[in-house]
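# A structural walkthrough
As a plain string of letters, each chain reads:
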Amino acid sequence: MQLSADRVSVVIDGKAVLNSASVKAEPGRMLVLAGKSGSGKTTLLNVLGLLGRVGTGSVLVGGQDATTWNDARRRRFWRDHVAFVFQDYGLIEEASVDYNVTVGRRGLFGLRQPELDRVEQVLDHVLLSGRGKEQTARLSGGEKQRVGLARAMFRGADVVLADEPTASLDRKNRELVINFLIEEARRGATVVVATHDEDLMAAGDDLVRLGGA
Ligand SMILES: Nc1ncnc2c1ncn2[C@@H]1O[C@H](COP(=O)(O)OP(=O)(O)OP(=O)(O)O)[C@@H](O)[C@H]1O
Ligand SMILES: [Mg+2]
C-alpha cells in the first residue's frame, strides 16, 4: 500500500512545522525521515499515519485521497493495515503482554491455537519468550517497546510506521529493531521510520531530510 504526502503544510500554534513537504513511501521499501530535532519528522509520520490533520496539501493512501476521511474510515485503515511502533504509544498498561500483542486481532472466541503459537513466536523473536502472561505495566521501558514491536510482527501489517524505534536501546536490541524493519520491507510492507540513528538511515532504501539541513 503506497502512502504519500503531497505538498503538505502543518501549522501548530502559528508556527509552520511542515512547509509543503512531499514524500512517497512504497511497498517493499523502507523510507527514512531524518533531520534535526524539531524539523517535523514525528509530525510527518503522524500525517502519513492519519493521526494528525494537515493544514494544506493532501495525503494519499493507496492512491486515494485520505485527507477528508472521517473517523470511522481512518479507524478501519489503522485496524486493517497499520502497525505503529511508537514510544509510549498504544500499549494498555493494565493488560497482559499477550493481550497487547494481539489487540484488535482477537475474534469472538479469543485466540486459536495457531494464533497462540504465533504469539509465542513473535515474543521469542523480541526476546520476551515466556513473558506473555505478565502485566505490561511491570515491564521496563525497553521491554514495553519490544511488546510494541511484537505486536507489529503479529499483525503482519501492510504499513509499518516507526518513530525513533532504536532510541535508548542497547546494541543487541537496536540490531533487532533494524533487522525487523528491513524484514518487514522485504516481505512487502511499506515502512516509514523517523530517526536520528545513522545505522537505521543506512538500512533504509530511501532517505528524506526534513528542515533542509
Ligand atoms: N502538539 C504540539 N504542540 C505545539 N507544538 C508542537 C506540537 N507538536 C509538534 N510541535 C512543534 O513542531 C515542531 C516539529 O515537531 P516534531 O515532533 O515533528 O519534530 P521531530 O523532527 O520529530 O523532532 P525530534 O527529533 O526531537 O523528535 C517542533 O518545533 C515542535 O515544537
Ligand atoms: Mg520526533
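Bear in mind that the values here come from a model prediction, so they are computed numbers and not experimental data.

## Quick word on the layout of surface pockets
Approximately 310 Å³ is the volume attributed to the largest pocket. Around the largest pocket, the lining is made up of twelve residues, and of these W78, F84, V103, R151 and R155 lie nearest the centre. The set of elements that each furnish at least two residues to the lining of the largest pocket consists of helix 2 (71–81), strand 6 (82–85) and helix 5 (141–155). For the lining of the largest pocket, the class distribution of residues is six nonpolar, two polar and four charged.

## Brief notes about the site of ligand 1
If you check the shell around ligand 1, you find 14 residues, and the closest are K15, S37, K41, T43 and H196. A distance of 2.4 Å is found between an oxygen atom of ligand 1 and a side-chain nitrogen or oxygen belonging to K15. E164 is positioned such that a nitrogen or oxygen atom in its side chain is 3.4 Å from an oxygen atom of ligand 1. Considering ligand 1 on its own, with 640 Å² of exposed area, one finds that the protein chains cover 60% of that surface. Those elements giving two or more residues to the shell around ligand 1 turn out to be strand 2 (15–25) and helix 1 (41–48). Taken together, the residues of the shell around ligand 1 break down into two nonpolar, seven polar and five charged.

Analysis parameters
Residues numbered from 1 in each chain as written. Chains lettered and ligands numbered in written order. Predicted model: local features only at pLDDT ≥ 70, side-chain atom pairs only at ≥ 80, totals over all residues. Heavy atoms only, no water. 1 Å grid on protein atoms, 1.4 Å probe; cavity = no way out; pocket = protein on both sides within 12 Å on 5 of 7 lines; lining within 4 Å. Points joined across faces, edges and corners; volume = space filled by probe spheres on them. Helix = DSSP H or I, 4+ residues; strand = E, 2+ residues; numbered from the N terminus. Nonpolar A, V, L, I, M, F, W, Y, C, P; charged D, E, K, R; others polar. Near = heavy atom within 4 Å. Polar contact = N/O pair within 3.5 Å; in protein donor to acceptor, adjacent residues only side chain to side chain. Areas by Shrake-Rupley, 256 points an atom, 1.4 Å probe, with all protein chains shown as cover.

Distances and angles like these do not, on their own, reveal function.
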